[in-house]
Amino acid sequence: MTKTGILVVSFGTSYQDAFIKNIRAIETAIGEAFPECEVRRAFTSGMIIKKLKKRDGFHVDTVEEALEGFLADGFTDLIVQPTHIINGIENDNMLKALDACKGRFHSIRVGTPLLTDTEDYRALIDSVTKEFSNLREEEFLVFMGHGSEHYANAVYPALDYMLKADGHQNIYIGTVEGYPDLNLVKDLVRKKAPKKVLLAPLMIVAGDHAINDMAGDSADSWKNEFLGEGYEVSCILKGLGEYREVQKLFTEHAKKAAAL
């Protein structure tokens, strides 16, 4: 007799409001698409798991712990859907943990991160441009992505290139820890001299990076860097996980994995 479970894997967040609006919202959307399956979660960030346990007494499984839990409860098959944006370090670590469990489940089918193929890029562009459909000519929207030393960081400049090719000349992608970086984005924006810059996270949750690195009060926050350029600046603390279309994208990735 088969018993199928769904594991939704996220980097994680220690911000409760961001967790509910983004990660739990994605989990709920996936669960609604698979009403016959139990949905469980795992985080890949050990630091966040420890912080939640110490601060809130709230335990979230690692991927390894979640897999053992499914096995202990008699699940024979798994569908695993990451909420990662790119096929980067966190996703690689998840895949290693899943690979170590090969042979212990009848099947483990794995969905892809948010931005994996060209159609994913187009779907995300459609989602964010609908979200910011009221953007005026004199306003520029700058997204803050996380960035990575992993080769999958190429997603960010590719997404920016596609935005420009599709005619969105006032939307830019920057990253905290990769390319394009803040200095490059500032240089590019400066050439166009907009009146106002809107900052928004290109991250699943509007967590620590969005609250501090993007919208914080430190001199080197993106908000203050752009204020220093003389622009009016507005920060939108809304993670991608809140976008209904992004929730649908992850759900579609899980459905594709289930059909394998």
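Just above sits the structure.
Conventions we followed
- Residues numbered from 1 in each chain as written.
- Predicted model: local features only at pLDDT ≥ 70, side-chain atom pairs only at ≥ 80, totals over all residues.
- Heavy atoms only, no water.
- Phe/Tyr/Trp six-rings, centres within 6.5 Å; stacked < 30°, edge-to-face > 60°.
- Helix = DSSP H or I, 4+ residues; strand = E, 2+ residues; numbered from the N terminus.
- Buried < 20%, exposed > 50% of the residue type's maximum accessible area, 1.4 Å probe, protein only.
- Core = buried A, V, L, I, M, F, W, Y, C linked by side-chain atoms within 4.5 Å.
- Contact = heavy atoms within 4.5 Å.
- Pairing = 2+ DSSP bridges.
- Axes fitted to C-alpha atoms, helices over the stretch in contact; angles between N-to-C directions.
- Salt bridge = Lys/Arg side-chain N within 4 Å of Asp/Glu carboxyl O.
- Expected span 1.5 Å × (residues − 1).
- Bend = angle between axes of the 7 residues up to and from the residue.

Turning our attention to the packing of aromatic side chains. Tallying each qualifying case throughout the model produces 6 aromatic pairs. With centroids separated by 6.4 Å and ring planes inclined at 65°, the aromatic side chains of Phe19 and Phe58 adopt a geometry described as edge-to-face. One end of the pair, Phe19, is in helix 1 (residues 16-33); the other, Phe58, is in the loop between helix 2 (46-56) and helix 3 (63-72), and 39 residues separate them in sequence. You can call Phe19 buried: its relative accessible area is 4%. Taken together, a centroid distance of 6.0 Å and an interplanar angle of 80° make the contact between Phe132 and Phe143 edge-to-face. You can see Phe132 sitting in the loop between helix 5 (118-131) and strand 5 (139-145) and its partner Phe143 sitting in strand 5, a full 11 residues away along the chain. By the burial criterion, Phe132 is buried, and Phe143 matches it.

Ranked by internal contacts, the top residues of the largest apolar core, which has 48 residues, are Leu114, Leu124, Phe143 and Leu240. With residues near it in sequence (within four places) discarded, Leu240 still touches Asn22, Ile85, Leu114, Leu124, Val128, Pro201, Leu202, Met203, Ile204 and Val246. Counting residues in hydrophobic clusters, the runner-up holds 18 residues, among them Met144, Val197, Met203 and Tyr231.

The parallel open sheet is built from 4 strands, whose spatial order is 2-1-3-4. Only two strands of the sheet have a single partner each, and these edge strands are strand 2 (38-43) and strand 4 (107-110). Between one strand and the next, the sheet's axes are offset by a mean angle of 25°, whatever the strand orientation. Note: strand 1 (residues 4-10) against strand 2, 6 bridges, orientation parallel. Bridging from a neighbouring strand, Gly5 pairs with Glu38 of strand 2. Sheet strands in contact with helix 10 (residues 244-258) are strand 3 (77-82) and strand 4, and its direction is about 150° off that of strand 3.

Another aspect to go through is the environment of Ile85. With respect to the helices, strands and loops of the structure, Ile85 is situated in the loop between strand 3 and helix 4 (89-99). We classify Ile85 as buried; its relative accessible area is 10%. Contacts of Ile85, omitting those with residues within four sequence positions, involve Pro113, Leu114, Leu115, Tyr156, Leu202, Met203, Ile204 and Leu240.

Here we take up the pattern of salt bridges. For the coordinates displayed, the defined rule picks out 17 salt bridges. Between Arg55 and Asp56 there is a salt bridge whose closest N-O contact spans 2.8 Å. Classification of Arg55 as partly exposed rests on a relative accessible area of 44%. Between Arg190 and Asp187 there is a salt bridge; the shortest N-O distance is 2.7 Å. Remark: Asp187 and Arg190 occur in helix 7 (residues 182-192); sequence separation between them is 3 residues, near one turn of the helix. Taken together, the salt bridges that share partners define one network made up of Glu38, Arg40 and Asp73.

This next bit is on the side chain of Ser127. Following the sequence through the fold, Ser127 ends up in helix 5. For Ser127, a relative accessible area of 5% gives the class buried. Not counting residues up to four positions away in its chain, the partners in contact with Ser127 are Tyr243, Glu245 and Val246.

Here we take up helix 1. Compared with the 26 Å implied by 1.5 Å per residue over 18 residues, the 24 Å span of helix 1 between its first and last C-alpha is a close match. Of all the bends in helix 1, the greatest measures close to 35° and is centred on Arg24. The complete set of buried residues in helix 1 reads Ala18, Phe19, Asn22, Ile23, Ala25, Ile26, Glu27, Ala29 and Ile30.

Read these as spatial facts, not as claims about activity.
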